[in-house]
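Chain residues, written in single-letter form:
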Amino acid sequence: MEVAVPATSIPKAFNVLAISIVQRVANPTALIPIWPTTNPSVHTLYASNPISRNNTLLSLTRCSTRPDTNTNNGRGQDSSTGSNPTSKPQNSSTPVSNNSLSSSFPSPSLSKGLVFDLGSIDSWDSKEIGSPVVKRFLSDEEERWFMWYHGNSSKHPEVDSIGLAVSNNGIHWERGVEPVRSSGDVGMVMKCGQDWWAFDTMSIRPSDVVIMSSSKFKALSAVYWLYYSGFSSEKVDFVDDDSLELNLENPERFCIDNNNYGSGKIFKSLPGLAISQDGRNWARIEGDHHSGALFDVGAEKEWDSLFIASPKVVFHGNGDLRMYYHSFDMEKGQFAIGIARSRDGIKWVKLGKIMGGGKVGSFDECGVMNASVVRSKKGGKYVMAYEGIAADGKRSIGLAVSPDGLKDWRRFQDEGVLKPSEKDGWDNKGIGSPCLVQMDGDVDEWRLYYRGIGNEGRTGIGMAFCLGNGISSFRRWTGFKL
């Protein structure tokens, strides 16, 4: 199985997936890449299809670095409606530049690192934002950046949806204030599930986006695969003997008000999958679990028996996909990260916990969560950025490395590589939900996007960078002297 690495390139023209955002795919058919590749290595897999419940052929192909731009898709669609990741958004309601919201930004001295703030007061993401999933796409003409993230509004602070913002440099972003209407729009792109039995009826948060082609889906281009956390209204009961110093909740809420929905409550979350041909119009893929999720929580007394959250997917090689996720280990009293493997990206087998809390007094003593794993282009080692929780509840970002991504994860250091800012900075209360992006070029350059928490629980998305050999520390972005 050869795979597409989103940080390199994708086809310059996609056809719009003509299905509802919340529709479940019942009869997937073949998908054929529209771009030529030079002697592509294609590995075919015969896997049980959890959608149609029978054996289906799946093939994954590496994206070409020079994708075909032919837009003749045989459906008679106007090519102007096709998705082009290098094109400018053409929202029927004019996209809003994040710069236009500068009045809501803290002063420059307090906004170091902040690249994406809350939406305007009437937008779908005016109350809280987070879970950044950032991908960089290259073409012959330019580079384009996509960022999927979760948000909610003041009208419905208990319901998270998924949105998309775009950029030409990964720093200045264009966003939308309402749901998308066409393949060129930005804004809200996916709502909660509508089926009463589904696992994602209360909230959804993006975890990862990868690009693959599969014979399961009928299209003339590669398909975006969105892995996400889905939350239902099912509350998780557990015995708390008051030994926990953490205010355990799922999903976590940071905005402080008199109606902080779900504070201190645990709602069951499970991993989900949706596909799209333009990154905007999504169709859910039903997994093996009766709720439509990809898999269930662990059995009683297993480390992941409470919930499954933040499923991040990385390709290792032919027929080998790895999913990193976190849960709360009740026996240890700390958050932990586990791993599952798959041959087709849909059917997964858990392998167990790979990383728990750090030593006493460390920045991650009470656990690790929200892992972002990248297989480095230089050396092939696996690098993990993760959110660490200290004994006082403070959240920082740490790094770990593994030779094979399966075991032997070693922390870079006892301290976090990025800590909350001091005093009145916009992210002085905590940082987390990291998203690592390795840049191209001879210099070993990395970007780290993250969710920041400030006074009164106000959230935003920040960016830090690292230049040179090794990634032992990051500095917040302060301007184009970068």
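Since the model is a prediction, treat every value here as computed from it, not as a measurement. (Residues numbered from 1 in each chain as written. Predicted model: local features only at pLDDT ≥ 70, side-chain atom pairs only at ≥ 80, totals over all residues. Heavy atoms only, no water.)

## Looking at the overall build of the protein
Then comes step 1: Broken down by element type, the protein carries 0 helices and 25 strands.
Then comes step 2: The long-range share in the protein, meaning contacts at least 24 apart out of those at least 6 apart in sequence, stands at 63%.
Then comes step 3: Carbon and sulfur atoms make up 48% of the accessible area of the protein, which totals about 19500 Å². (Helix = DSSP H or I, 4+ residues; strand = E, 2+ residues; numbered from the N terminus. Contact = heavy atoms within 4.5 Å. Areas by Shrake-Rupley, 256 points an atom, 1.4 Å probe, with all protein chains shown as cover.)

## Regarding the pattern of salt bridges
Then comes step 1: Following the criterion strictly, the structure yields 25 salt bridges and no others.
Then comes step 2: Its salt-bridge partner being Arg136, residue Asp440 comes within 3.2 Å of it at the nearest N-O pair. Placement of Asp440 in the loop between β22 (430–438) and β23 (446–453) and of Arg136 in strand β5 (residues 128–138) is noted, with a sequence separation of 304 residues between them.
Then comes step 3: Using a relative accessible area of 11% as the deciding quantity, one classes Arg136 as buried.
Then comes step 4: With a shortest N-O distance of 2.7 Å, Asp200 and Arg284 are connected by a salt bridge. Here Arg284 lies in strand β13 (residues 283–285) and Asp200 lies in the loop between β9 (187–190) and β10 (203–212), a separation of 84 residues in the sequence. With respect to class, Asp200 is no different from Arg284; both count as buried.
Then comes step 5: One connected set of salt bridges, linked through shared partners, spans Glu128, Asp160, Arg205 and Arg253. (Salt bridge = Lys/Arg side-chain N within 4 Å of Asp/Glu carboxyl O. Buried < 20%, exposed > 50% of the residue type's maximum accessible area, 1.4 Å probe, protein only.)

## Describing the sheet that holds strand β19 (residues 382–389)
Then comes step 1: Judged by pairing direction, the sheet is antiparallel, and its 4 strands sit side by side in the order β18-β19-β20-β21 without closing on themselves. Looking at which strands have only one partner, the edges of the open sheet turn out to be β18 (368–375) and β21 (410–411). (Pairing = 2+ DSSP bridges.)

## A few points about the packing of aromatic side chains
Then comes step 1: All chains considered together, the criterion is met by 16 aromatic pairs.
Then comes step 2: Against the face of Phe116 rests Arg175, its NZ or CZ located 3.8 Å from the ring centre. (Phe/Tyr/Trp six-rings, centres within 6.5 Å; stacked < 30°, edge-to-face > 60°. Lys NZ or Arg CZ within 6 Å of the ring centre and 35° of its normal.)

## Examining the nonpolar core
Then comes step 1: Of all hydrophobic cores here, the largest spans 45 residues; its most connected members are Trp148, Met190, Trp225, Tyr227 and Trp348.
Then comes step 2: In terms of residue count, strand β11 (residues 223–235) provides more of this core than any other element does, 6 residues in total.
Then comes step 3: The contact partners of Trp348, leaving out residues within four places of it in the chain, are Tyr227, Leu294, Phe295, Val313, Leu321, Arg322, Met323, Ala340, Arg341 and Ser342.
Then comes step 4: Membership of the second largest hydrophobic core comes to 21 residues, among which are Leu118, Ala165, Met188 and Ile461. (Core = buried A, V, L, I, M, F, W, Y, C linked by side-chain atoms within 4.5 Å.)

## Overview of the sheet that holds strand β14 (residues 309–317)
Then comes step 1: Pairing in this open sheet of 4 strands is antiparallel, and the strands run β14-β15-β16-β17 from one edge to the other. Every interior strand has two partners, whereas the edge strands, β14 and β17 (348–355), have only one. Here the strands of the sheet are splayed against their neighbours by 30° on average, with no regard to which way each runs.
Then comes step 2: Sheet topology places strand β16 (residues 334–342) next to β17; 6 bridges connect them, and they run antiparallel. Among the inter-strand pairings, Ile337 is bridged to a residue of β17, identified as Met355. (Axes fitted to C-alpha atoms, helices over the stretch in contact; angles between N-to-C directions.)

## Overview of unusual backbone geometry
Then comes step 1: Each neighbour pair has its own omega, and for Asn250 with Pro251 the value is 0°, a cis peptide bond.
Then comes step 2: If you check the backbone angles, Ser310 has positive phi at about 55° while not being a glycine.
Then comes step 3: Assignment of secondary structure puts Ser310 in strand β14.
Then comes step 4: For Glu456, which is not a glycine, the phi torsion comes out positive at approximately 60°.
Then comes step 5: Summarising the element assignment, Glu456 is placed in the loop between β23 and β24 (459–466).
Then comes step 6: Among the residues examined, Glu456 registers a relative accessible area of 63% and is labelled exposed.

## What about the environment of Pro434?
Then comes step 1: Take Pro434: it is sitting in strand β22.
Then comes step 2: Residues Pro434 and Met384 lie 50 residues apart in sequence; the distance between their C-alpha atoms is 9.4 Å.
Then comes step 3: Non-local contacts of Pro434, meaning those with residues more than four positions away in its chain, are made with Lys312, Asn370, Ser372, Ala385, Tyr386, Glu387, Ile397, Leu448, Tyr449 and Tyr450.

## Comments concerning the pairing of β19
Two faces, one strand: in a regular strand the side chains alternate between the faces of the sheet.
Then comes step 1: Among the 8 residues that make up β19, 8 are buried, leaving the element largely enclosed by the rest of the structure.
Then comes step 2: The two faces of β19 match: Tyr382, Met384, Tyr386 and Gly388 on one face and Val383, Ala385, Glu387 and Ile389 on the other face are all buried.
Then comes step 3: Direction of pairing for β18 relative to β19: antiparallel, over a ladder of 6 bridges. In the strand pairing of β19, Ser372 is matched with Ala385.
Then comes step 4: Where β18 folds back on β19, the antiparallel hairpin that results is connected by 6 residues, among which Gly379 adopts a positive phi of roughly 105°.
Then comes step 5: Relative to strand β20 (residues 395–402), β19 is paired through 8 bridges, and the arrangement is antiparallel.

## Overview of the environment of Arg144
Then comes step 1: Take Arg144: it is sitting in strand β6 (residues 143–152).
Then comes step 2: Placed 24 residues apart in sequence, Arg144 and Asn168 show a C-alpha to C-alpha distance of 4.7 Å.

## Here's the deal with the side chain of Ser396
Then comes step 1: As for its placement among the helices and strands, Ser396 is situated in strand β20.
Then comes step 2: Dropping the residues within four chain positions of it, Ser396 is found in contact with Phe363, Tyr386, Glu387, Gly388, Leu418, Lys419, Pro420 and Ile431.

## Some remarks on the confidence of the model for the protein
Then comes step 1: Counting all residues, the mean pLDDT for the protein is 79, and 71% of those residues have values of 70 or more.
Then comes step 2: Averaged over each element, pLDDT in the protein is lowest for strand β1 (residues 43–48) (27) and highest for strand β7 (residues 161–167) (98).
Then comes step 3: Low confidence marks residues 1–84, where pLDDT is under 50. Its contacts with residues over four positions away, or in another chain, come to 240 contacts. (pLDDT = per-residue confidence, 0-100.)

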